[in-house]
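# Structure at a glance
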There are 2 protein chains.
Amino acid sequence: MYSQKFLSSISIDCVIFGFHSNELKVLLLKMKESDGWMLPGGFVGLDQDLNKEASTVLEYRTGLADIFLRQFYVFGNVARAKTDHIDHLLAKGAIDPKAAKWFEQRFVSIGYYALVEYSKVKEPRLDYISEACTWMPMNELPPLLLDHGEILDKAHETLKKELYSQPIGLNLLPEEFTMTELQSLYETILQRTIDRRNFRRKMLSMKVLGDTGKRRTGLGHRSPILYTFDRAAYQTALEKGFQASAFF
Amino acid sequence: MYSQKFLSSISIDCVIFGFHSNELKVLLLKMKESDGWMLPGGFVGLDQDLNKEASTVLEYRTGLADIFLRQFYVFGNVARAKTDHIDHLLAKGAIDPKAAKWFEQRFVSIGYYALVEYSKVKEPRLDYISEACTWMPMNELPPLLLDHGEILDKAHETLKKELYSQPIGLNLLPEEFTMTELQSLYETILQRTIDRRNFRRKMLSMKVLGDTGKRRTGLGHRSPILYTFDRAAYQTALEKGFQASAFF
């Protein structure tokens, strides 16, 4: 059944990071009759574009469309195809032998990551084979099946690295935000503190922030400036990287 | 024959950039009986790791081993599988019908790029299906078959973007080099000029350069400092991105 619908040898794994109130989480699935957790993923329909299929996985699980979803690495070592857990599921009657045959093939998995505001996500959706689909805090992760722990680590490492070459924050912060709120987002992802003055200087040099001309009031005697993203500049920077002027 | 040796649905395309005397070129193949040029590529052996296969393509064509070769994007749109040129090759008798059947399937192609010093490469190697394998200047490229023009553009865009998050230059510059020589490399890849003082300041802040304590002599009354790469720092930055201190 699978082989008539999907390209063989290829799978998709999605690392969906969730951000809310300065906490970073990741969306994980637990399969029925299985001890370990997995990343949500899928296969590529014979008539479907690859990136479109990844968006479908994301939208199916979270209900969120038009989210920045990014290819970050392809996992293609022979050794990643360990079939122990398939045998286990088969023995437990959790999957049928035809499905087992499909899952036992060697997959080259294309890794995607997304970063969403998880309070906007309705209850993540289950499919017939999973018994849980939950946001788990990055600092208290359960053991993951297959090489999914490695995939998750690589996604986080990529996310941290890409902070230096492209903007982040749209859809994660309110429409108008303070420099301190933006800094908290960076600090949460990087898991370290950043010097306040350097951060401000750097952010302004990137030219993706617009000054709303407003200030947040009601915070005592200091009323911090409210910024917003310049959508066009943000989009360009996402595609081409920051203006080199921010660098050299 | 192919289907007994390789994973189906998956191909590899390599964009091999060559740098020498401030010129950027790319390695292209011309197939027999075909009008257009292509990127060198291949398939993934049933028992071979994906990244290993990409290195094999690079080494086969250039004779160079241990070169930094990087996955940069997966090309997986349905529309990229155009079979016109296969029909053409079949009609010309350049490939046999069995091979044509393999090449006509839909491939998801994993793009890799490498950057090498092309004067170190011996005559690039031909295989039975190609009539030429040549370094072509980036500013005078011939028309490319399939979506290879798009793959090449995306690789160049990625290379330019990644200059801002990771080091470059090892194996491209002599063991000891001046700041001006390093700047020329960046300018060649970015295809623009960079302010000399900003460049110097930024490069030093990245902490991948070591001062050799020597100067290049014989260049008139100024003797520029000779730098070298700190191998350990370079390797770390390649994996993790620049020290954040270079950024914030």
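Keep in mind that what you see is a predicted model, and the values were worked out from it rather than measured.

## Details of the nonpolar core
Counting 50 residues, the largest nonpolar core has Leu50(A), Ile110(A), Tyr112(A), Leu50(B), Ile110(B) and Tyr112(B) as its most contacted members. In this view, Leu50(A) contacts Ile12(A), Val44(A), Gln71(A), Ile110(A), Tyr112(A), Val74(B), Gly76(B), Arg106(B) and Val108(B); residues no more than four positions away in its chain are not counted.

## Concerning the side chain of Ser130(B)
Along the polypeptide, Ser130(B) turns up in strand S7 (residues 130–137). The residues contacting Ser130(B), other than those within four sequence positions of it, are Leu29(B), Lys30(B), Met31(B), Lys32(B) and Arg61(B).

## Observations concerning the interface of chain B and chain A
In this assembly, 45 residues from chain B lie in contact with 44 residues from chain A. In this assembly, chain B packs against chain A so that about 3600 Å² is buried in total across both faces, 61% of it on carbon and sulfur atoms. Applying the counting rule to chain B against chain A returns zero salt bridges.

## Some words on the relation of the copies chain B and chain A
Each copy superposes on the other: chain B lies on chain A with an RMSD of 0.0 Å after a rotation of 180 degrees and an axial shift of 0.0 Å. Both copies are brought into coincidence by an operation consistent with a two-fold rotation axis. Same-surface contact between copies: 98% of interface residues of chain B are shared with the interface of chain A.

## A word on helix H8 (residues 231–240) of chain B
When we look at burial in H8(B), the residues that qualify are Tyr234(B), Ala237(B) and Leu238(B). Relative to the axis of H8(B), the buried residues are bounded by an arc of 105 degrees and lie together on one face. Opposite the buried face of H8(B), by more than 90 degrees, sit the exposed residues Ala232(B) and Lys240(B). Those residues of H8(B) that are buried lie in contact with helix H5 (148–162) of chain A together with strand S5 (69–75) and strand S9 (225–229) of chain B. In this structure Asp230(B) caps H8(B), since a side-chain oxygen of it lies 3.2 Å from the backbone nitrogen of Ala232(B).

## Topic: the environment of Glu23(B)
Residue and element names in this part refer to chain B. Along the polypeptide, Glu23 turns up in strand S2 (residues 23–31). By relative accessible area, Glu23 is classed as partly exposed at 33%. On a C-alpha basis, the gap between Glu23 and Asn139 in space is 9.7 Å, while along the polypeptide they are 116 residues apart. The contacts of Glu23, once residues within four sequence positions are left out, are Gly18, Tyr118, Pro137 and Thr188.

## Quick word on the confidence of the model for chain A
Residue and element names in this part refer to chain A. On average, residues of chain A score 89 in pLDDT, and 96% of them reach the 70 mark or higher. Confidence scores differ between elements of chain A, with helix H3 (residues 84–91) showing the lowest mean pLDDT of 80 and strand S9 (residues 225–229) the highest of 96. Here the predicted complex scores 0.90 on pTM and 0.89 on ipTM.

Conventions and cut-offs
Residues numbered from 1 in each chain as written. Chains lettered and ligands numbered in written order. Predicted model: local features only at pLDDT ≥ 70, side-chain atom pairs only at ≥ 80, totals over all residues. Heavy atoms only, no water. Core = buried A, V, L, I, M, F, W, Y, C linked by side-chain atoms within 4.5 Å. Buried < 20%, exposed > 50% of the residue type's maximum accessible area, 1.4 Å probe, protein only. Contact = heavy atoms within 4.5 Å. Helix = DSSP H or I, 4+ residues; strand = E, 2+ residues; numbered from the N terminus. Buried area = accessible area lost by both parts, 1.4 Å probe. Salt bridge = Lys/Arg side-chain N within 4 Å of Asp/Glu carboxyl O. Least-squares fit on C-alpha atoms with pLDDT ≥ 70 in both. Arc of directions from axis to C-beta. Polar contact = N/O pair within 3.5 Å; in protein donor to acceptor, adjacent residues only side chain to side chain. pLDDT = per-residue confidence, 0-100.

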